[in-house]
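# An overview of the molecular structure
These are the residues of each chain, in order.
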Amino acid sequence: MTSTNANEETTIAVLEAAKDALDVINKSSITELRSFVRPPAVCQSVFEGVGILFQPSKTKFEWSDAKRLMNDQFVSRLKQYDVDTITSDQLARLTTVLARDECQLQLVRSTSLACYSICLWLDRIVAYKRLQQHVAEQQTHTGR
């Protein structure tokens, strides 16, 4: 197997892991999230990350914006999101959000399983994009 094939397989595996993270979210967990009038900071930050992807022109993503996204198709929309359309600006903003203390996976997990799954999805998307950039840089240096 060539290095390029291994890199492509790795990027695909990372992307599949991102989608798999969403499998634990069900309608009742979304209903629970939607019921928050004032969500925990963890949930607010995780959904700020979602907002960066789904509403990139917004500079301030409010909980009311998050609630509008959480409809019956929400999880399907996350799974079908075209990560190859993420801009470098979105990636930088998302990386900043995920670096916050309240977005550390263990803390998120102890607050909300649904938010944990979404945060894990966001984390895997960032990993995918970084790996994709690394592969592109390698191909540029090797002349492929």
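The present account deals with the structure reproduced in this document.

We now examine the overall build of the protein. Scanning the protein from N- to C-terminus turns up 8 helices and 0 strands. Listed N to C, the secondary structure of the protein is α-α-α-α-α-α-α-α in terms of helices and strands. Against the globule reference of 15 Å for 144 residues, the protein gives a C-alpha radius of gyration of 16 Å, in line with a compact fold. Across its three principal directions, the C-alpha atoms of the protein cover 55 × 30 × 25 Å. A burial count over the protein gives 41% of its 144 residues as buried. Of the roughly 8,100 Å² that the protein leaves accessible, carbon and sulfur atoms contribute 50%. Within the protein, one finds 17 positive and 17 negative side-chain charges whose respective centroids are separated by 6 Å.

In this section: the pattern of salt bridges. Taken as a whole, this structure holds 6 salt bridges when the rule is applied. Ionic pairing is found between Arg100 and Glu48, a salt bridge with its closest N-O pair at 2.9 Å. Placement of the pair is Arg100 in the loop between helix H6 (88-98) and helix H7 (105-111) and Glu48 in helix H3 (residues 41-54), with a sequence separation of 52 residues. Residue Arg100 is classed as partly exposed on the basis of its relative accessible area of 26%.

It is worth spelling out the environment of Phe61 at this point. Relative to the assigned elements, Phe61 resides in the loop between H3 and helix H4 (63-69). The class of Phe61 is buried, set by a relative accessible area of 6%. The spacing of Phe61 and Ser45 is 16 residues in sequence and 9.2 Å in space, taken between C-alpha atoms. In contact with Phe61, not counting residues within four places along its chain, are Gln44, Phe47, Glu48, Gly51, Gln55, Ala66 and Leu69.

Turning our attention to the packing of aromatic side chains. With the rule as written, the count across this model stands at 4 aromatic pairs. An aromatic cluster is defined as three or more aromatic residues linked by ring pairs; in this entry it consists of Phe47, Trp63 and Phe74.

In this section: the nonpolar core. The biggest cluster of nonpolar side chains holds 45 residues, and the ones touching the most others in it are Phe47, Val50, Leu53, Phe74, Ile118, Trp121 and Leu122. Listing elements by their share of this core, those giving two or more residues are helix H1 (3-20), helix H2 (27-35), H3, H4, helix H5 (74-80), H6 and helix H8 (113-142). Of the residues forming this core, the biggest block, 12 residues, is contributed by H8. In this view, Leu53 contacts Tyr81, Ile86, Gln90, Leu94, Trp121, Leu122 and Ile125; residues no more than four positions away in its chain are not counted.

Attention now goes to the side chain of Asp65. Following the sequence through the fold, Asp65 ends up in helix H4. Reaching out from Asp65, the side chain makes a polar contact with the side chain of Lys58 at a distance of 3.3 Å. In this structure Asp65 touches Gln55, Lys58 and Lys60, once residues within four positions along its chain are discounted.

Rules used in this analysis
- Residues numbered from 1 in each chain as written.
- Predicted model: local features only at pLDDT ≥ 70, side-chain atom pairs only at ≥ 80, totals over all residues.
- Heavy atoms only, no water.
- Helix = DSSP H or I, 4+ residues; strand = E, 2+ residues; numbered from the N terminus.
- Rg over C-alpha atoms; globule rule 2.2 N^0.38 Å.
- Buried < 20%, exposed > 50% of the residue type's maximum accessible area, 1.4 Å probe, protein only.
- Areas by Shrake-Rupley, 256 points an atom, 1.4 Å probe, with all protein chains shown as cover.
- Lys, Arg positive; Asp, Glu negative; His and termini not counted.
- Charge placed at Lys NZ, Arg CZ, Asp CG, Glu CD.
- Salt bridge = Lys/Arg side-chain N within 4 Å of Asp/Glu carboxyl O.
- Contact = heavy atoms within 4.5 Å.
- Phe/Tyr/Trp six-rings, centres within 6.5 Å; stacked < 30°, edge-to-face > 60°.
- Core = buried A, V, L, I, M, F, W, Y, C linked by side-chain atoms within 4.5 Å.
- Polar contact = N/O pair within 3.5 Å; in protein donor to acceptor, adjacent residues only side chain to side chain.

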